[in-house]
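Here is how the chains run, residue by residue.
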Amino acid sequence: MLFFIIVGLISFTLSTTTLALALWLIGEDGTDPFKTEGFKPTMTKCAGICAVTTVLSFIPFGGLLGMIVWFVAVMALFEKTFLGALLIAVCGAVLTWLIAFLIISGLEGILVAA
């Protein structure tokens, strides 16, 4: 049980960070939520979206349901179109893969050196 809690917390932290980074990278001057709403409200929205999708990922077929909830929440909370939400998702996926690559490479380096 403790393992699932740790994995859930790590997943929540990484997904919140990557969603915020993707919003910041994709944001334009007029629609950037960090500039229009501020840091705390934007991070709260990101954390709320990621908390719901993380919890959904632990139930059968929850990943698919979580993806639908994620798209709808990004479109509703950040006032994005479907293509805007898709662009944020692609940017977030690339950031997630990059972060995972760096973590795995670091762990491999530690294990090889040991």
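Residues numbered from 1 in each chain as written. Predicted model: local features only at pLDDT ≥ 70, side-chain atom pairs only at ≥ 80, totals over all residues. Heavy atoms only, no water.

Honestly, the packing of helix 1 (residues 2–26) against helix 5 (residues 82–113) in this entry has me stumped. Any pointers?
To describe two helices that pack against each other, one gives the angle between their axes and the distance between the axes. Following both chains from N to C, one finds helix 1 and helix 5 inclined at 125°, their axes separated by 8 Å at the closest point. Considering their axes alone, helix 1 and helix 5 lie oblique with respect to each other. In this structure, helix 1 meets helix 5 at a crossing whose hand is right-handed. Packed against helix 1, whose contacting residues are Leu14, Thr18, Leu19, Leu21, Ala22, Leu23, Leu25 and Ile26, the element helix 5 presents Leu87, Ile88, Cys91, Gly92, Leu95, Thr96 and Ile99 at the interface. Within the contact of helix 1 with helix 5, the residues separate by chemical class into 12 nonpolar, 3 polar and no charged. (Axes fitted to C-alpha atoms, helices over the stretch in contact; angles between N-to-C directions. Helix = DSSP H or I, 4+ residues; strand = E, 2+ residues; numbered from the N terminus. Parallel < 35°, antiparallel > 145°, perpendicular 65-115°, else oblique. Left-handed = near helix turned anticlockwise from the far one by under 90°. Contact = heavy atoms within 4.5 Å. Nonpolar A, V, L, I, M, F, W, Y, C, P; charged D, E, K, R; others polar.)

It is not clear to me how the nonpolar core should be interpreted in this structure. Could you clarify?
Nonpolar side chains in soluble globular proteins tend to be buried together. Counting residues in hydrophobic clusters, the biggest one holds 17 residues, and the most contacted among them are Leu19, Leu23, Ile49, Trp70, Val74 and Ile88. Counting residues per element, the ones that place at least two in this core are helix 1, helix 3 (39–56), helix 4 (62–77) and helix 5. If near-sequence neighbours (up to four positions away) are discounted, Leu23 is found in contact with Asp32, Pro33, Phe34, Thr42, Cys46, Phe78, Lys80 and Ile88. (Core = buried A, V, L, I, M, F, W, Y, C linked by side-chain atoms within 4.5 Å. Buried < 20%, exposed > 50% of the residue type's maximum accessible area, 1.4 Å probe, protein only.)

Even after reading the chapter, I still don't get the side chain of Thr18, so can you show me in this structure?
Take Thr18: it is sitting in helix 1. Owing to a relative accessible area of 5%, Thr18 belongs among the buried residues under this scheme. Here Thr18 is in contact with Gly92, Leu95, Thr96 and Ile99, once residues within four sequence places are set aside.

Bear in mind that shape data such as this cannot, by itself, settle questions of function.
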